[in-house]
Amino acid sequence: MFSKVGKIFERIESDNSRLRYWLLAFFAIIFIRNFLEGVMEADHSLVSGNFFFIEFPISYFVLFLTLLIILQFITREKSATISKVLVVLFSLLLVVPVIDFIATSGEGYQLRYLRGDSTYLFGNLATNFSQGGSIGQRIEITAFGLLLLAYIFKKTKSFLKTLAAGAVSYVALVTWAALPSLLYMLSNLFFIDPIGASVYGSSSTFAAKVLDAYITQELVTLLAILIMIVELAVLLAISDKRRFDFFKKLVRPLRLMHYIMLASFGLFLGFYTAGGLGFELHDYLFSLGFLLSVTLMYQSACIVNDIFDRDLYARVKIKRAESHSQELKYLAIFLAILSLLLTYPLGYGVFVFMVTFASLAFIYSAPPLRLKRYPIVASLSLAVSALMVVMAGFAVFAQDAVVEFFPVEIAVVILVVYTLGTNYKDLKDVELDRKSGVYTIPVLLGEAMGKVVISALLVFAFLLVPLMLGISDLWPPSIVAAAISPLLVMKGSSERYFRLMHLAYFLIAGYLIIF
C-alpha cells in the first residue's frame, strides 16, 4: 500500500507542467470549494464576495505556504516539487461539502472557526478530533494528515522527522483554524479592550457584537495577508538566495524611512483626532499592516523609477542586468498588488489614497508624462504624494471621514514645504539629468547657481512650518534645520546627510504638532 502511494507521489513530482499552472490549479480548487461550501453547507447560498475572493483563498494559501516551508525544511526537497504534491492534497478540500451534504441529508453544517481556550484547542483536539469540525472536515483532515505523513516519511526515511513535521503541521493547522479565539486570548492577556470579547467573551450588547465581529474579521484577513507576505519572503530566501539578494539591493533604507515617518505621522494624527486614548492590539496590527503597505508601494515606485531612469544596474553593480528588466517589471507590479491587498481590511479610504499615491508615482517616473522632467511640477507631484501617504495613515482610524476631519493647515504645509524643499535630491545626478532631458533647477541654472537657489528654498521651507502652523515650539528646530541645510548643499554633502537631518527634524516636528 505504502509503495503504491509512493509511486503516486513520484508521478505527481515528475509532472512537467510549469509551476504557475499548478498554482492556478490550486486557486481553482479553492474557488470550487468556496462555491460548494456555500450551496451545500447550512446556509445554502453563495459565499459573500469578501470570503469567496479574499479571505478564504488567502487563508488556504497561507496554510499552503506554511506546509511548504515546513516540508522544505524537513525534506530538503525543492519547493516546486513539494508544491505539486500539496496542490493534489489540497484537492481533498472539495470532498468536505459533499460528505457533509450527504451525511446530513442535504442540511449541511454551519462551518466556522474553532472556538475554545488553549487547553481545548491544543490538548483535547489532539486526542479526540471528533470534538471539532464537521464530519467532512474530520475525514478530510484525517486523510490529508495521513498522506502528508506518508510523503514526509518517503522523503526522509525517518520516523522522528516525520513525527516532528506532523506535530508542527498540526499546530499550524489548529492555530489557523482557531485564529479569532487566539486573537481574543492574546488581547485579553495584554490589553484592556479584548478583540472579539462579545463573540468569544462576555459582552452581550448587539452593537458590541457587531463591532467585535467586524474588527475580528478584518484582523483575520489582515493577519492572513501579513503572514502570506512574510512566508513568500522566507520562501524566496531559502529557495532562490541569488534572486533574494538582488531584490534586497533595490531597497533604499533612508528614503524608505522618510515615507515610513510620513505614514506614522498620519496614523498618530488620525488616531488622536478620532479620540483614541491608547493603542489596543487591533490598532497595532492595523498600523503594522498600513506601514507594510506603504513600504511595498514605495519599493514598487522606486523600481518603476529605476526602470525608466536606466541607472539601476550601475547602482546595484550587477553585470548583464538587462536580463533582469522584465523580472523587475513583474516585481514592481507584484509589490503594488500586495500593497493594495493590505489596504483591503484597512478600509476603502486607505485604498483610495494608496491608489492615488501609486498613480502619482507612475506618472512622475514613466512616459509619456514623466513629470520628473519639469521643475516645480516634479516637486509638487512629490508633495502631493507625501500628502496622500499622510492622509492614508489618517484614514486608517478616520475611515471615510478623512476628508472632513483632516486638518487643512497641515495639508497646506505639506504641499508648500515639500514643493519647496525636495529639490535638493537633484544635486546628485546633474549630468545624468541633463543627458536624460530632465530639467531640474541645477540643469537649468547650472550647478553653482542651482545650489544657491536650492539652499534658499530649503531655508524658506523650514521657516514656513512654524509660521503657517502657528506653533511657537517649532521655531527652534526649524531655525536649526534652516541653518544646517545651506551648509550641506554648498558643501556638496551626500544625500544621506540630508535624509538623516530631515528625519531628525520630522521626528521633532511631528511630535510637537500631534502632542
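Predicted model only: the values in this text are computed from it and were never measured. (Residues numbered from 1 in each chain as written. Predicted model: local features only at pLDDT ≥ 70, side-chain atom pairs only at ≥ 80, totals over all residues. Heavy atoms only, no water.)

> Before we go on, may I ask you to explain the overall build of the protein in this structure?
Of regular secondary structure, the protein possesses 25 helices and 0 strands. By the burial criterion, 51% of the 515 residues in the protein qualify as buried. Look at the contacts in the protein between residues 6 or more apart in sequence, and 73% of them connect residues 24 or more apart. Of the roughly 25,000 Å² that the protein leaves accessible, carbon and sulfur atoms contribute 68%. (Helix = DSSP H or I, 4+ residues; strand = E, 2+ residues; numbered from the N terminus. Buried < 20%, exposed > 50% of the residue type's maximum accessible area, 1.4 Å probe, protein only. Contact = heavy atoms within 4.5 Å. Areas by Shrake-Rupley, 256 points an atom, 1.4 Å probe, with all protein chains shown as cover.)

> Explain the nonpolar core here, please?
For soluble globular proteins, the rule of thumb is that nonpolar side chains tend to be buried together. If you look at the biggest cluster of nonpolar residues, it comprises 135 residues, and the most contacted ones within it are Phe-64, Leu-86, Phe-290 and Phe-406. If near-sequence neighbours (up to four positions away) are discounted, Leu-86 is found in contact with Phe-64, Leu-67, Leu-68, Leu-71 and Leu-148. (Core = buried A, V, L, I, M, F, W, Y, C linked by side-chain atoms within 4.5 Å.)

> What is the right way to read the packing of aromatic side chains from this model?
We describe a pair of aromatic rings using the distance from one ring centre to the other and the angle between the two ring planes. According to the stated counting rule, one finds 23 aromatic pairs in the structure shown. Ring centres 4.9 Å apart and planes at 65° place the aromatic pair Phe-52 and Phe-53 in the edge-to-face group. Note on Phe-53: relative accessible area 54%, which makes it exposed. With a centroid separation of 5.2 Å and an interplanar angle of 85°, the aromatic rings of Phe-271 and Tyr-272 are classed as edge-to-face. Phe-271 sits in the buried class, given a relative accessible area of 5%. (Phe/Tyr/Trp six-rings, centres within 6.5 Å; stacked < 30°, edge-to-face > 60°.)

> Just to check I follow, could you spell out helix H20 (residues 408-421) for this structure?
One full turn of an α-helix is made of 3.6 residues, so residues set three or four places apart face in the same direction. For H20, spanning 14 residues, the distance from its first C-alpha to its last is 20 Å, which sits close to the expected 20 Å at 1.5 Å a residue. Buried within H20 are the following residues: Ile-410, Ala-411, Val-413, Ile-414, Val-417, Tyr-418, Thr-419, Leu-420 and Gly-421. Each element contacted by the buried residues of H20 is listed here: helix H13 (253-273), helix H18 (377-398), helix H23 (447-469) and helix H25 (495-514). (Expected span 1.5 Å × (residues − 1).)

> How do you make sense of unusual backbone geometry when you look at a structure like this?
Glycine aside, a negative phi is what most residues show, and trans is what most peptide bonds show. Cis geometry is found at the peptide bond from Pro-367 to Pro-368, where omega equals 10°. Within the fold, Pro-368 resides in the loop between helix H17 (348-365) and H18. Positive phi is not limited to glycine here, since Ile-376 has a value of about 70°.

> When you look at the environment of Phe-244 in this model, what are you seeing that I'm missing?
For Phe-244, the position within the fold is in helix H12 (residues 241-248). Residues Phe-244 and Ala-233 lie 11 residues apart in sequence; the distance between their C-alpha atoms is 8.2 Å.

> Before we go on, may I ask you to explain the packing of helix H7 (residues 135-156) against helix H8 (residues 159-177) in this structure?
When two helices pack together, their arrangement is given by the angle between the helix axes and the distance between those axes. At a minimum axis separation of 9 Å, H7 and H8 run at an interaxial angle of 145°. Regarding H7 and H8, the two cross each other, and that crossing is right-handed. Each of Ile-141, Leu-148, Leu-149, Ile-152, Phe-153 and Thr-156 in H7 lies in contact with H8, whose residues at this interface are Phe-159, Lys-161, Thr-162, Ala-165, Gly-166, Ser-169 and Leu-173. Class assignment for the residues of the contact of H7 with H8 results in 8 nonpolar, 4 polar and 1 charged. (Axes fitted to C-alpha atoms, helices over the stretch in contact; angles between N-to-C directions. Left-handed = near helix turned anticlockwise from the far one by under 90°. Nonpolar A, V, L, I, M, F, W, Y, C, P; charged D, E, K, R; others polar.)

> Help me understand the environment of Leu-92, please; the structure alone is not making it clear to me.
Mapped onto the fold, Leu-92 is located in the loop between helix H4 (79-90) and helix H5 (95-103). Note: C-alpha distance between Leu-92 and Gly-136 (44 residues apart in sequence) is 9.9 Å. When sequence neighbours within four positions are dropped, the list of residues in contact with Leu-92 reads Glu-140, Ala-143, Phe-144 and Leu-147.

> I would appreciate a short explanation of the packing of H5 against H7 in the present structure.
Contact geometry for H5 and H7: axes closest at 7 Å, N-to-C directions at 140°. Regarding the angle of H5 to H7, the classification is oblique. For the crossing formed where H5 meets H7, the hand is right-handed. In this structure, H5 contributes Val-95, Val-96, Ile-99, Asp-100 and Ala-103 to the contact, and H7 contributes Ile-135, Gly-136, Gln-137, Ile-139 and Glu-140. Among the residues making up the contact of H5 with H7, the classes are represented as 6 nonpolar, 2 polar and 2 charged. (Parallel < 35°, antiparallel > 145°, perpendicular 65-115°, else oblique.)

> When you look at the confidence of the model for the protein in this model, what are you seeing that I'm missing?
Do not read the fine detail of predicted coordinates wherever pLDDT is low. Per-residue confidence for the protein gives a mean pLDDT of 85, with 87% of residues at or over 70. Scored below 50 in pLDDT, residues 315-323 shows 9 contacts in the model against residues more than four places distant or in partner chains. (pLDDT = per-residue confidence, 0-100.)

> How should a nonpolar patch on the surface be read in this particular structure?
Together, Tyr-374, Val-377, Tyr-439, Leu-444, Leu-445, Met-449, Val-452 and Met-490 line one region of the surface with nonpolar side chains, adding up to about 740 Å² of accessible area. Those elements that provide at least two residues to the nonpolar patch are helix H22 (441-445) and H23. By the element assignment, Met-490 lies in helix H24 (residues 475-491). (Patch = residues over 30% accessible without salt bridge, like charges linked within 9 Å, V, L, I, M, F, W, Y side chains within 5 Å. Salt bridge = Lys/Arg side-chain N within 4 Å of Asp/Glu carboxyl O.)

> So what exactly am I meant to see when it comes to the side chain of Asp-306 here?
As for its placement among the helices and strands, Asp-306 is situated in helix H14 (residues 281-309). At 2.5 Å, the side chain of Asp-306 forms a polar contact with the side chain of Arg-252. (Polar contact = N/O pair within 3.5 Å; in protein donor to acceptor, adjacent residues only side chain to side chain.)

> I tried to follow the side chain of Ser-83 on my own but got confused; where do I start?
Its location among the elements puts Ser-83 in helix H4. Dropping the residues within four chain positions of it, Ser-83 is found in contact with Leu-19, Phe-64 and Leu-68.

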